[in-house]
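Fold and contact review
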Amino acid sequence: MSKPASTVTPNTWEFLRDAMITPTGFREYDARWKYPDDINLPGITALGLGLGTQMHARGIEPVIAVGNDYRDYSLSIKNALMLGLMQAGITVKDIGPALSPMAYFAQFHLDAPAVAMVTASHNPNGWTGVKMGFQRPLTHGPDEMGELRDIVLNGRGERRPGGAYEFVDGVREAYLDDLVGDFKMTRKLKVVCATGNGTASAFAPELFRRLGVEVVDSHNTLDYTFPHYNPNPEAMEMLHDMADSVRASGADLALGFDGDGDRCGVVDNEGEEIFADKMGVIMARDLVKLYPNSTFVADVKSTGLFASDPELQKHGAKADYWKTGHSHMKRRVKELGALAGFEKSGHYFLAEPIGRGYDCGMRVAVEICKLMDRNPDMSMSDLRRALPQTWATPTMSPYAADTEKYDILDRLVEKLVAKAEAGDKIGGRAIAEVITVNGARVMLDNGGWGLVRASSNTPNLVVVCESPESEAEMRAIFADIDAVIRTEPGVGDYDQSI
């Protein structure tokens, strides 16, 4: 095949004939473009041909499960992708409209070695993309994405005979059966189910009712115009709407899902949102009683409680702080044989014997209902208040140009490691260790910490600090971390600060 063009001009002869792909759509863990501004349908077909070529190059059996999210253009995108996969000699098993975790489930259910899910995740309408993976339950990381990008953009996709197409019905029902199992609630539980009219609308309400949960519907009609808000449980608009619904209905909690259902947001019975890292500690406390001495992976933006919480320590829990990003986290959970992984953005990775290790918002919802069932005399706010109190900054992002941010970060990591080796203090505390798997997470002797890393998606650094002692100490940690950051003239203003 010829190399795709990098500029896309809609309403031209070439636009309907030639592959056009903006190279920046190839991200660290998946591919995302504005459609049709940054990619056209022949470009999507070239992507499918490249993905099929990559499967052959890696010795993957030429069979792939393919699904699409609920947007008005996702079926066109999926058809164009499948055409390219079939051109590459791949047998396509089309599972129809799906959540991303339903597509991951299909790999196991259909024994398919590969998966491609057409979704823009929680991005607003106008975006499309593909999440893909070969080695279940893993998805492509930076190495695989880099290899795929090179195959596609250099026109190295190879056509082969043998491609085939099969529509596979019934995967949604099998997925729901797998999620529910034989579990039924023994306590009364009333849950606000918030889907923002996205794909999860076709799954979550039915799932809760099958568990024996009373459902308070919140925008649970499929509508790909997203008339209320873009489904993203990290966005305050959705969280505030969930909190309002809890207060209005007297529900026990609210669970909200993003556009492709791989993330879950939680609001408790008092209308307080519980960020995924703190929710992870609540879940880890419950799970470690059932599975003592378990390992839990947390991303470097997450609370220090995974390492310092006395309840977790009492049951022998081990904490591992790892790189932010769903692809990195899935891989780490699998490598370590961890029971679960928690990412502050709302991706949860529940591994055997609870889940299969991939991020599934529906599985998280089921496990939260089970947690509530095992603690029948506790409300979600009781569970939240039972955690040791910590004071944390929001995620703060000072500007650093994409071309410079990684070099700047390397120097900052060196400076922070040097401070630790010199016995310097941060926030008035001794430095216990500096974790450098993803930037520098400076761990202090009392469980406090400060993080600086580079954003994967935007021209920024990312800074987060937390203290188990006080707001004053949290501010002191930030002041000392920021003083090191300010030694780099290439770092600009924060998007928000304390």
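Residues numbered from 1 in each chain as written. Predicted model: local features only at pLDDT ≥ 70, side-chain atom pairs only at ≥ 80, totals over all residues. Heavy atoms only, no water.

It is worth spelling out empty space enclosed by the protein at this point. As enumerated under the stated definition, the model contains 3 cavities of 30 Å³ or more in all. Put simply, the largest cavity is a space of about 100 Å³. As for the largest cavity, its lining consists of 15 residues, and the residues nearest its centre are Pro233, Cys264, Gly265, Phe275 and Ala276. Only strand E10 (264-268) and strand E11 (273-274) provide two or more residues apiece to the lining of the largest cavity. No other element matches the 3 residues that E10 contributes to the lining of the largest cavity. (1 Å grid on protein atoms, 1.4 Å probe; cavity = no way out; pocket = protein on both sides within 12 Å on 5 of 7 lines; lining within 4 Å. Points joined across faces, edges and corners; volume = space filled by probe spheres on them. Helix = DSSP H or I, 4+ residues; strand = E, 2+ residues; numbered from the N terminus.)

Okay, the UniProt feature "domain: Alpha-D-phosphohexomutase C-terminal" (unreviewed entry) in the protein next. The sites that carry the UniProt feature "domain: Alpha-D-phosphohexomutase C-terminal" (unreviewed entry) are, in the present numbering, residues 425-483. For the annotated span residues 425-483, helix accounts for 22% and strand for 46% of the residues, and the straight-line distance between the end C-alpha atoms is 13 Å. (UniProt positions renumbered as here; feature names shortened; annotations may be inferred.)

A few words on the side chain of arginine 332. Within the secondary structure, arginine 332 sits in helix H11 (residues 326-336). Excluding its chain neighbours within four sequence positions, the residues that come into contact with arginine 332 are Val297, Asp320 and Trp322. (Contact = heavy atoms within 4.5 Å.)

Moving on to unusual backbone geometry. Here the residue pair tyrosine 35 and proline 36 is connected by a cis peptide bond, since its omega of 5° sits within 30 degrees of zero. Along the polypeptide, proline 36 turns up in the loop between strand E1 (31-34) and helix H1 (41-57). Going from glutamate 352 to proline 353, the amide bond is cis rather than trans, its omega being 5°. Take proline 353: it is sitting in the loop between strand E15 (348-350) and helix H12 (361-374). For serine 121, which is not a glycine, the phi torsion comes out positive at approximately 55°. One can find serine 121 in the loop between strand E4 (114-118) and strand E5 (127-133). Positioned with a positive phi, phenylalanine 226 is a non-glycine residue whose angle comes to about 45°. By the element assignment, phenylalanine 226 lies in the loop between strand E8 (214-218) and helix H7 (236-249).

Negative charge collects at one region of the surface, where Glu404, Asp407, Asp410 and Glu414 lie side by side. Position of glutamate 414 relative to the elements: it lies in helix H14 (residues 405-421). (Patch = residues over 30% accessible without salt bridge, like charges linked within 9 Å, V, L, I, M, F, W, Y side chains within 5 Å. Areas by Shrake-Rupley, 256 points an atom, 1.4 Å probe, with all protein chains shown as cover. Salt bridge = Lys/Arg side-chain N within 4 Å of Asp/Glu carboxyl O. Lys, Arg positive; Asp, Glu negative; His and termini not counted. Charge placed at Lys NZ, Arg CZ, Asp CG, Glu CD.)

Right, let's get into the sheet that holds strand E16 (residues 391-392). The sheet built from 6 strands is open, its strands ordered E16-E21-E20-E19-E18-E17 with antiparallel pairing. The two strands at the open ends of the sheet, each matched to only one other strand, are E16 and strand E17 (425-426). One ladder, built from 2 bridges, connects E16 with strand E21 (residues 461-467); its direction is antiparallel. Counted as the bridge partner of tryptophan 391 is serine 467 from E21. Along the sheet, H14 contacts E17, strand E18 (429-435), strand E19 (440-444), strand E20 (449-454) and E21; its crossing angle with E20, the most-contacted strand, is approximately 155°. Helix H15 (residues 471-485) rests against E16, E17, E18, E19, E20 and E21 of the sheet, and its axis sits at about 150° to E21. (Pairing = 2+ DSSP bridges. Axes fitted to C-alpha atoms, helices over the stretch in contact; angles between N-to-C directions.)

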